[in-house]
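Commentary on secondary and tertiary structure
What follows is the residue order along each chain.
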Amino acid sequence: MATTSQQLMMVGQRTARYGIPQPYIEVRFPREIRQRTLNAALHRLYADVEMATPERECWNVRIELLPDILMYSGGFVYVELAEGTPEEAERAMAMLKSLVG
């Protein structure tokens, strides 16, 4: 996904319910960004993640908007893993990192 000079994308992993790893890409824009632009960026990234997900993986891709924080607006595109194993989380993280570059 192409980024603008004002856009920041970070790959990370948090822990979801029941201790399951949840790999994500966080997208942040300056706070004054139009909501429509933020939504479009998250949906484009969502589509990129869906298309990059290998057929053999039974992952669900989700979008989560973040509330405005200080000077940023943003959101997450995250992967709900099928099994939640460390190996599966590694595969998902590698896939997300390949998209961010």
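Right above here is the structure, for reference.
In this report, the structure presented in the accompanying data block is examined. (Residues numbered from 1 in each chain as written. Predicted model: local features only at pLDDT ≥ 70, side-chain atom pairs only at ≥ 80, totals over all residues. Heavy atoms only, no water.)

What to know about unusual backbone geometry
Look at Tyr-18: it is not a glycine, yet its phi comes out positive at around 65 degrees. Structurally, the position occupied by Tyr-18 is in the loop between β1 (8–15) and β2 (21–30). (Helix = DSSP H or I, 4+ residues; strand = E, 2+ residues; numbered from the N terminus.)

What about the pairing of β1?
With 8 bridges joining them, β1 and β2 adopt antiparallel strand pairing. Bridge assignment links Thr-15 to a residue of β2, and that residue is Pro-21. Counted along the chain from β1 to the antiparallel partner β2, the turn is 5 residues long, and its residue Tyr-18 has a positive phi close to 65 degrees. (Pairing = 2+ DSSP bridges.)

Notes on the packing of helix α1 (residues 35–52) against helix α2 (residues 86–100)
Running from N to C, α1 and α2 cross one another at 130 degrees; their axes reach a closest spacing of 10 Å. Considered as vectors, α1 and α2 are oriented oblique to each other. The crossing of α1 and α2 is right-handed. Contacts between α1 and α2 involve Asp-48, Val-49 and Ala-52 on the former and, on the latter, Met-95, Leu-96 and Leu-99. Classifying every residue of the contact of α1 with α2 gives 5 nonpolar, no polar and 1 charged. (Axes fitted to C-alpha atoms, helices over the stretch in contact; angles between N-to-C directions. Parallel < 35°, antiparallel > 145°, perpendicular 65-115°, else oblique. Left-handed = near helix turned anticlockwise from the far one by under 90°. Contact = heavy atoms within 4.5 Å. Nonpolar A, V, L, I, M, F, W, Y, C, P; charged D, E, K, R; others polar.)

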